[in-house]
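# Structural characterization, general
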Amino acid sequence: MVQGMEKIRVIIDNTQKEVKIPTGMRMLVRRCCNAVLRMENFPYPAEISVTFVNNKQIHELNRQYRDRDMPTDVLSFPMGENGVYDENHDTGAKILGDIVISMEKAVEQANRYGHSLEREVGYLTAHSMLHLLGYDHETSALDKMHMREKEERVMTQLGLPGSAASYFMDDDD
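What this report covers is the structure whose coordinates are included nearby. Note that the structure is a prediction, hence the values are computed from the model and not measured.

## Re the environment of Pro-22
- Summarising the element assignment, Pro-22 is placed in the loop between strand 1 (8-14) and helix 1 (25-39).
- Residue classification places Pro-22 among the partly exposed residues on the basis of a relative accessible area of 23%.
- Separated by 96 residues in sequence, Pro-22 and Glu-118 place their C-alpha atoms 8.5 Å apart.

The following block contains the structure:
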């Protein structure tokens with residue numbers, strides 16, 4: 001087999017009206033998913049679903065699935081466990097899972113950290129992709145640091161390096 005980029009399918013859906021999705025945002029999300037998979041040497045074709053929602057929608061999901069009664073910036077719903085993934089039988093792609101991003105929160109956080117909405121959505125996508133691949137920042141400070149380093153590496157690769165401020169995240173991230 002030729003070494004190189006496997007086929008990555010990123011299905012993007014926008015179910016909110018509050019924030020206009022800028023031109024190029026969907027392409028950025030796709031590039032971000034690709035960059036994470038490349039960095040992690042993910043050897044298979046993959047399928048990821050990304051949905052842009054509003055605060056009300058993510059609040060509901062957060063309450064339903066994580067028992068947290070508040071909106072959050074991003075939720076990850078991994079389909080795989082211990083590196084074993086469901087497969088799309090038509091394409092042979094590994095189904096990594098779903099990423100749900102609150103566009104309202106992304107705008108709020110981009111403003112708070114003083115960077116672009118693109119940087120914020122890119123960062124949330126990278127963060128969530130790592131969750132889909134089994135990373136967890138809630139297990140230890142070291143895991144959190146490793147995850148943060150990987151997120152920043154992807155952001156830099158995509159030409160969206162962060163400021164020092166983006167390292168100070170909320171406790172509920």
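The discussion continues.
## Examining the nonpolar core
- Core analysis: the biggest nonpolar cluster contains 40 residues, and Ile-48, Phe-52 and Leu-96 have the highest contact counts within it.
- Going through the elements one at a time, strand 1, helix 1, strand 2 (46-53), strand 5 (94-102), helix 3 (103-113), helix 4 (117-132) and helix 5 (141-157) are the ones with two or more residues in this core.
- Ranked by residue count, the leading element in this core is helix 1, at nine residues.

## Brief notes about the side chain of Glu-47
- Relative to the helices and strands, Glu-47 resides in strand 2.
- Residue class for Glu-47 comes out buried when judged on its relative accessible area of 11%.
- Polar side-chain contacts of Glu-47 include one of 2.9 Å to the side chain of Asn-88.
- In this view, Glu-47 contacts Arg-9, Ile-11, Asn-88, Thr-91, Ala-93, Lys-94, Ile-95, Leu-96 and Gly-97; residues no more than four positions away in its chain are not counted.

The rules behind the values
- Residues numbered from 1 in each chain as written.
- Predicted model: local features only at pLDDT ≥ 70, side-chain atom pairs only at ≥ 80, totals over all residues.
- Heavy atoms only, no water.
- Helix = DSSP H or I, 4+ residues; strand = E, 2+ residues; numbered from the N terminus.
- Buried < 20%, exposed > 50% of the residue type's maximum accessible area, 1.4 Å probe, protein only.
- Core = buried A, V, L, I, M, F, W, Y, C linked by side-chain atoms within 4.5 Å.
- Polar contact = N/O pair within 3.5 Å; in protein donor to acceptor, adjacent residues only side chain to side chain.
- Contact = heavy atoms within 4.5 Å.

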